[in-house]
Amino acid sequence: MIGANTFLNLGFNVATIEYQTSMHSIKLRSTIKEPVPLVKPVVEPDVLLSIDPNVLEDAYVYVHCYFKNDLNEMLIRIWRSTFLIDRTSGSRSELIHAENISFAPQWKMIPGNTTFSFLLIFAALPKDCKVFDLLEDIPQSGGFFISNIRRNELDVYHVDIL
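Read on for a plain summary of the structure. (Residues numbered from 1 in each chain as written. Predicted model: local features only at pLDDT ≥ 70, side-chain atom pairs only at ≥ 80, totals over all residues. Heavy atoms only, no water.)

Here's the deal with the layout of surface pockets
Unoccupied space between atoms shows up once a probe the size of one water molecule is rolled over them.
Okay, step 1: If you add up the space inside the largest pocket, you get close to 260 Å³.
Okay, step 2: The element contributing the most residues to the lining of the largest pocket is strand β5 (residues 74-76), with three residues.
Okay, step 3: Split into classes, the residues belonging to the lining of the largest pocket amount to eleven nonpolar, four polar and two charged. (1 Å grid on protein atoms, 1.4 Å probe; cavity = no way out; pocket = protein on both sides within 12 Å on 5 of 7 lines; lining within 4 Å. Points joined across faces, edges and corners; volume = space filled by probe spheres on them. Helix = DSSP H or I, 4+ residues; strand = E, 2+ residues; numbered from the N terminus. Nonpolar A, V, L, I, M, F, W, Y, C, P; charged D, E, K, R; others polar.)

Quick word on the side chain of Asn69
Okay, step 1: With respect to the helices, strands and loops of the structure, Asn69 is situated in strand β4 (residues 60-69).
Okay, step 2: A distance of 3.1 Å separates the side chain of Asn69 from the backbone oxygen of Asn72, its partner in a polar contact.
Okay, step 3: When near neighbours in sequence (up to four residues on either side) are disregarded, Asn69 contacts Met74, Ile110, Pro111, Gly112, Asn113 and Thr114. (Polar contact = N/O pair within 3.5 Å; in protein donor to acceptor, adjacent residues only side chain to side chain. Contact = heavy atoms within 4.5 Å.)

Brief notes about the pairing of strand β12 (residues 156-161)
Okay, step 1: Residues Tyr157, Val159 and Ile161 point to one face of β12 and are all buried, whereas Val156, His158 and Asp160, pointing to the other face, are not buried.
Okay, step 2: For β4 and β12, the ladder comprises six bridges, and the chain directions are parallel. The partner of Val63 across the bridge, within β12, is Tyr157. (Buried < 20%, exposed > 50% of the residue type's maximum accessible area, 1.4 Å probe, protein only. Pairing = 2+ DSSP bridges.)

So, in structure tokens, the structure goes:
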């Protein structure tokens, strides 16, 4: 508890706190260390050459999805058989992770008259990919398909699910 006679003195490298009451007097003194300057680390060329290039180029594609629900509450889910497909090569990037949506067979209840958002994270697309599709490849009707998504430098996308 700090009393009425509390003093704080900050010197160049020293902080002093004095606490006084009618019966006690405490004086604390502490040295403040100067911050250590930041130094950019140096990586030896031999170490860089020994690292697998696939590790250095590991990347993900982030797709923010928006589903406008004009109805009452409804159920939604995503299947693990959802892919990004390169329009030129047909190469498929697998779904790695999903946020704020359940994987089939589980369902997620979403409120009515709102726009529901979720995030899908996929493995990297081929380097030369310029345009790709988002496909939920499922064994029933209702899977979504968004075609001709133009690739950008960040590999972060925002799509409306209809």
